[in-house]
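Structural description and commentary
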Amino acid sequence: MTLRHSHIRELESESVFLMREVAAQFERPVLLFSGGKDSILMVHLARKAFYPASIPFLLVHIDTGHNFPETIAFRDELVADIGANLHVGLVQDSIDAGRVKEEEGPNPSRNGLQTTTLLDTLAELKADVALGGGRRDEEKARAKERFFSHRDRFGQWDPKNQRPELWNLFNGRRGPGEHFRAFPLSNWTEMDVWQYIADEDVPMPELYFAHRRNVVERDGVLLADSEFNELLDGEAWEERMIRFRTIGDATCTGAVESTASTVEEIIAEVAAARQTERGGRSDDKRSEAAMEDRKRQGYF
């Protein structure tokens, strides 16, 4: 079934409409870009929405410093190919400035430290809206988001105090110091994303496809061998055929065992999956409401 005869065509139209609405209502929009599939899809949709003009969004990457090298290489190549502007906010700068403190213990994760760097970066850029690639099927806290998600002057989100969104009318009014997050992919699922990638032939980082890599299983999560992950007592690296369903901080992003080496094979694998996409993220398992707590504080 081709894109034009599929429900994905409606999702594409909805996302394009949201992006154009953001461009119309806000003065200094930015697009949060991690180098993962959802943010790559966002860039692809933005190019469609404003073609033949350049996308009107500055790309912003909040870099933990613990990224997979393949992610950074793909990010830089994509930015160069489309001629976009990229601003990188470094978590390391926040650590050096005493704004946040590195976790203690073995294999500390910087994922939670991104919030401070993100809010500081948005303030530095005077951004009044940040577009993100969050989807409602990723995690239950994300399902509470509206398309236009209001944040107070402290960057905080209150899930019980959100604005109604009726008949495709979106209220972007904000007070001094306040800003918004906008989520054009809200109604997409992981399956929708991969079907669209197949239809549009959108290039993706090799991390998403099956390859052999040393991993260690820890608390049910397959962590990849990297300079940021150290073995604990009694652990050993084991080579397995794996791929990543989501790409993030290497200290908490788990792999899945897989032989899916093409987009079509990934679609078949996702259709049969019994675990959510973020089920392999160790940071989401720290508490029942880990994601919602971070979002209240200003996380993506």
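Basis of the calculations
- Residues numbered from 1 in each chain as written.
- Predicted model: local features only at pLDDT ≥ 70, side-chain atom pairs only at ≥ 80, totals over all residues.
- Heavy atoms only, no water.
- Axes fitted to C-alpha atoms, helices over the stretch in contact; angles between N-to-C directions.
- Helix = DSSP H or I, 4+ residues; strand = E, 2+ residues; numbered from the N terminus.
- Parallel < 35°, antiparallel > 145°, perpendicular 65-115°, else oblique.
- Contact = heavy atoms within 4.5 Å.
- Nonpolar A, V, L, I, M, F, W, Y, C, P; charged D, E, K, R; others polar.
- Pairing = 2+ DSSP bridges.
- Buried < 20%, exposed > 50% of the residue type's maximum accessible area, 1.4 Å probe, protein only.
- Right-handed = clockwise from strand over helix to strand, strands pointing away.
- Core = buried A, V, L, I, M, F, W, Y, C linked by side-chain atoms within 4.5 Å.
- Polar contact = N/O pair within 3.5 Å; in protein donor to acceptor, adjacent residues only side chain to side chain.
- pLDDT = per-residue confidence, 0-100.
- Salt bridge = Lys/Arg side-chain N within 4 Å of Asp/Glu carboxyl O.

Here we look at the packing of helix α1 (residues 7-25) against helix α2 (residues 37-50)
- Two numbers describe how α1 lies on α2: the axes approach to 9 Å, and their chain directions differ by 75°. Classed by the angle they form, the pair α1 and α2 counts as roughly perpendicular. Where α1 abuts α2, its residues E12, S15, V16, M19, R20 and A23 lie against M42, L45, A46, K48, A49 and F50.
- Each residue belonging to the contact of α1 with α2 can be placed in one class, and the counts come to 8 nonpolar, 1 polar and 3 charged.

Considering the sheet that holds strand β1 (residues 29-32)
- Reading across from one edge, β3-β2-β1-β4-β6-β5 is the order of the 6 strands in this open sheet, with mixed pairing throughout. Two strands in the sheet have a free side with no partner beyond their single neighbour: β3 (86-90) and β5 (148-151). Mean inter-strand twist for the sheet, computed between neighbouring axes without regard to direction, equals 30°.
- As judged from the 4 bridges shared by β5 and strand β6 (residues 179-182), these two strands associate in the antiparallel manner. Bridge pairing links R151 to H179 in β6.
- Against the sheet, helix α3 (residues 69-82) engages β2 (58-63) and β3, with an angle of about 170° to β2.

Structural notes on the pairing of β6
- The alternating pattern of β6 places H179 and R181 on one face and F180 and A182 on the opposite face, and all of these are buried.
- Across 3 bridges, the pairing between strand β4 (residues 129-131) and β6 is parallel. Bridging across to β6, L131 finds its partner in A182.

Digging into the pairing of β2
- β2 sits mainly inside the fold: 5 of its 6 residues count as buried.
- Pairing geometry for β1 and β2, over 3 bridges, is parallel. The residue bridging L31 from the neighbouring strand is L59, located in β2.
- Read from β1 through α2 to β2, the crossover connection turns out right-handed.
- With 5 bridges joining them, β2 and β3 adopt parallel strand pairing. Within the sheet, the bridge partner assigned to V60 lies in β3 and is H87.
- Crossover handedness for the path β2 to α3 to β3: right-handed.

Points about the nonpolar core
- Counting 59 residues, the largest nonpolar core has L31, F148, W188 and W194 as its most contacted members.
- For this core, the element with the most residues is α2, which contributes 8 residues.
- The residues contacting W194, other than those within four sequence positions of it, are K37, M204, Y208, V263, I266, I267 and V270.
- Within the second largest apolar cluster, 13 residues are counted, among which are V60, I62, L125 and A127.

A word on the environment of H150
- Along the chain, H150 turns up in strand β5.
- When the C-alpha atoms of H150 and R181 are compared, they prove to be 6.5 Å apart, with 31 residues separating the residues in sequence.
- Sequence-distant contacts of H150, defined by excluding residues within four places in its chain, comprise Q156, W157, R163, E178, H179 and F180.
- In terms of polar contacts, H150 uses its side chain to reach the side chain of E178, at 3.0 Å.

As for helix α6 (residues 190-200)
- Every buried residue belonging to α6 is among E190, M191, D192, V193, W194, Y196 and I197, and all of these are buried.
- Buried residues belonging to α6 abut α1, α2 and α7 (263-272).
- Residue D201 follows α6 closely and has a positive phi angle near 55°.

Here we look at the confidence of the model for the chain
- For the chain, mean pLDDT is 87; residues scoring 70 or higher make up 90% of the total.
- Per-residue pLDDT stays below 50 along residues 282-287; that stretch engages in 19 contacts with residues further than four places along the chain or on separate chains.

Structural notes on the side chain of T64
- Structurally, the position occupied by T64 is in the loop between β2 and α3.
- Polar contacts involving the side chain of T64 include one to the side chain of D249, which spans 3.3 Å.
- What T64 contacts, discounting residues up to four positions off in sequence, is V91, R110, Q114 and D249.

Here's the deal with the pattern of salt bridges
- All told, the structure shown has 19 salt bridges when counted by the stated rule.
- Here K48 ties to E200 by a salt bridge, and the two come within 2.9 Å at their closest N and O atoms. Placement of K48 in helix α2 and of E200 in helix α6 is noted, with a sequence separation of 152 residues between them.
- The class for E200 is partly exposed, based on a relative accessible area of 22%.
- Taking the shortest distance from any N to any O, the salt bridge between K101 and E104 comes out at 3.6 Å. We note that K101, like E104, is exposed.

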